[in-house]
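Fold and geometry: a report
For reference, the chains in residue letters:
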Amino acid sequence: LGSTRKFTHWPDAHGNGVLAGEAAFLDSGRPGVMLHPTMIYGALGEDNVQRLAALIRRLPVLPLPAGGRSLVQPIHQSDVTRAILAALEHPWSGPQTMVIAGPEPMPYDDFVRAVARASGARQPRTLNVPAGPLIALAALTRFLPGVPTIEGAEIRRLLEDKAFDIRPMREVLGFTPISLREGLALTFAPLHRRGL
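Looking at the layout of surface pockets
By volume, the largest pocket is sized at about 1,200 Å³. Residue lining of the largest pocket: 43 residues in total, with Arg51, Tyr108, Glu154, Arg157 and Leu158 positioned closest to the centre. Taken together, the elements giving at least two residues each to the lining of the largest pocket come down to α2 (49-58), β3 (61-64), α4 (108-119), α5 (131-138) and α6 (152-157). Take the lining of the largest pocket: its biggest share by element is four residues, from α2. Here the residues of the lining of the largest pocket are counted per class, giving 25 nonpolar, 10 polar and eight charged. Contributing to the lining of the second largest pocket are 16 residues, with Ala114, Arg117, Leu180, Arg181 and Leu184 lying nearest its centre. Looking at the lining of the second largest pocket, the elements that each hand over two or more residues are α4 and α8 (180-193). With four residues, the top contributor of residues to the lining of the second largest pocket is α8. In terms of residue class, the lining of the second largest pocket is made up of 10 nonpolar, three polar and three charged.

This is the structure in structure tokens:
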């Protein structure tokens, strides 16, 4: 597994590690595939939608760079598992790479609202705030009790579109990923069962 972080315009240790791993794999000549998932959600202890839901509950207004218009295409952990199992069965000819993602891209603001609905939180008021001030404010989150820590690099990446063609995934691996609505329902079902 790699990550679509390899496509970022702001390289970091994670993205550079993915690129190095991909280069080594492609140079090896060995048959197989390196799957590059987008944001994975729904796994036990994952820190993507759970942390976002916590922010929505704690903050009266959710500031978003570019008004949350950048595109995201998250993939549920069950689809990552399906992709791995399908890839293990496929007869690859040489080393290849493939992006695996959710069924369709959407603006980050829509993603935020979908997480709020699924988690039972109120619909957030969002505020369009330039990335620079948000990056500076993100450093303060580590000192605010009950508020998840946010890194400046995470704010920067919210300015990037993360939209991908999943036809290769559908055609080669033979399945269509579940919708965000279904994936979020699975993600928050344990909370709803406990009445949280």
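Still to come is the rest of the account.
Re the environment of Met39
Relative to the helices and strands, Met39 is located in the loop between β1 (32-37) and β2 (40-41). Expressed as a C-alpha distance, the spacing of Met39 and Leu144, which sit 105 residues apart in the sequence, is 25 Å. Leaving out residues up to four positions away in the same chain, Met39 has contacts with Asn48, Pro74, Ile75 and Phe111.

Structural notes on the pattern of salt bridges
Throughout the structure, instances matching the rule amount to seven salt bridges. Across the pair Arg5 and Asp12 runs a salt bridge, and its minimum N-O distance is 2.6 Å. We classify Arg5 as partly exposed; its relative accessible area is 22%. Glu22 is paired through a salt bridge with Lys6; the nearest N and O atoms lie 2.7 Å apart. One end of the pair, Glu22, is in helix α1 (residues 13-28); the other, Lys6, is in the segment before α1, with 16 residues separating them in the sequence. Overall, Lys6 belongs to the buried group, its relative accessible area being 18%. Through salt bridges that share partners, Arg5, Asp12 and Arg157 make up one connected network.

Rules used in this analysis
- Residues numbered from 1 in each chain as written.
- Predicted model: local features only at pLDDT ≥ 70, side-chain atom pairs only at ≥ 80, totals over all residues.
- Heavy atoms only, no water.
- 1 Å grid on protein atoms, 1.4 Å probe; cavity = no way out; pocket = protein on both sides within 12 Å on 5 of 7 lines; lining within 4 Å.
- Points joined across faces, edges and corners; volume = space filled by probe spheres on them.
- Helix = DSSP H or I, 4+ residues; strand = E, 2+ residues; numbered from the N terminus.
- Nonpolar A, V, L, I, M, F, W, Y, C, P; charged D, E, K, R; others polar.
- Contact = heavy atoms within 4.5 Å.
- Salt bridge = Lys/Arg side-chain N within 4 Å of Asp/Glu carboxyl O.
- Buried < 20%, exposed > 50% of the residue type's maximum accessible area, 1.4 Å probe, protein only.

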